[in-house]
Amino acid sequence: QEAAAWRGVPDCPSVAKAALKLVSNAPGGACIVFAPDEELQKLTKYAHHSDNGGMTQRLQGVHVGSTEFAKIFHEFTSHTKTDRWPEDYDDPELRGRPKDGVGALLNTSGFRVKCAVKLE
């Protein structure tokens, strides 16, 4: 209901449903913060990358409703012995990096602002 009340954002309910589906289907602990850009901008000063920005870079321009976003988010929330991306992962920017924090700060258009962040 909250998402439906955000005015001027016609895709907001479908984006909220896509994010909820990702969290619900995650194999491990998962969190997505979903809010309008102006609210996320207030939060970003308290959100620090746990992976040096690797996942943020990987999901640049990737919509939350896409299979690519779903695949990466699923892998992010999959538990490993080290809670890190595998050393042989296909994206060199993520290899060996921690899989910690909030999965994504997601705007109402369905695109990430930041990923793999710890909030302080």
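Draft legend 1. Quick look at the pattern of salt bridges. Counted under the stated rule, the structure contains four salt bridges. Residue Asp90 is joined to Arg58 by a salt bridge in which the shortest nitrogen-to-oxygen separation is 3.6 Å. Of this pair, Asp90 sits in the loop between helix 5 (67–77) and strand 3 (102–106) while Arg58 sits in helix 4 (residues 54–58), and the two are 32 residues apart along the sequence. Here Lys71 ties to Glu75 by a salt bridge, and the two come within 3.0 Å at their closest N and O atoms. Of this pair, Lys71 and Glu75 are both found in helix 5, four residues apart, which corresponds to roughly one turn of the helix. Salt bridges here are not isolated pairs; linked through shared partners, they connect Arg58, Asp90 and Asp91.

Draft legend 2. Summary view of the sheet that holds strand 2 (residues 47–49). In spatial order, the strands read 1-3-4-2; together these four strands make up an open sheet with mixed pairing. Strands at the two margins of the open sheet, each flanked by one partner only, are strand 1 (32–34) and strand 2. Adjacent strand axes in the sheet meet at a mean angle of 45°, parallel and antiparallel pairs treated alike. By the bridge criterion, four bridges tie strand 3 to strand 4 (residues 112–119) in an arrangement that is antiparallel. When the bridges of strand 4 are listed, Leu106 appears paired with Arg112. Strands strand 1 and strand 3 of the sheet are contacted by helix 2 (residues 12–25), whose axis makes an angle of about 170° with strand 1.

Draft legend 3. View of the environment of Gly103. Within the secondary structure, Gly103 is located in strand 3. In this structure Gly103 comes out as buried when scored by relative accessible area, which is 1%. Along the chain, Gly103 and Cys31 lie 72 residues apart, while their C-alpha atoms are 5.5 Å from each other. For Gly103, the contacting residues outside a window of four places in its chain are Cys31, Met55, Phe73, Phe76, Cys115 and Ala116.

Draft legend 4. Representation of the nonpolar core. With 23 residues, the main nonpolar core has Met55, Leu59, Val64, Phe69, Trp85 and Leu106 as its most contacted residues. Not counting residues up to four positions away in its chain, the partners in contact with Val64 are Val15, Ala18, Ala19, Leu22, Phe69, Leu106 and Gly110.

Criteria and cut-off values
- Residues numbered from 1 in each chain as written.
- Predicted model: local features only at pLDDT ≥ 70, side-chain atom pairs only at ≥ 80, totals over all residues.
- Heavy atoms only, no water.
- Salt bridge = Lys/Arg side-chain N within 4 Å of Asp/Glu carboxyl O.
- Helix = DSSP H or I, 4+ residues; strand = E, 2+ residues; numbered from the N terminus.
- Pairing = 2+ DSSP bridges.
- Axes fitted to C-alpha atoms, helices over the stretch in contact; angles between N-to-C directions.
- Contact = heavy atoms within 4.5 Å.
- Buried < 20%, exposed > 50% of the residue type's maximum accessible area, 1.4 Å probe, protein only.
- Core = buried A, V, L, I, M, F, W, Y, C linked by side-chain atoms within 4.5 Å.

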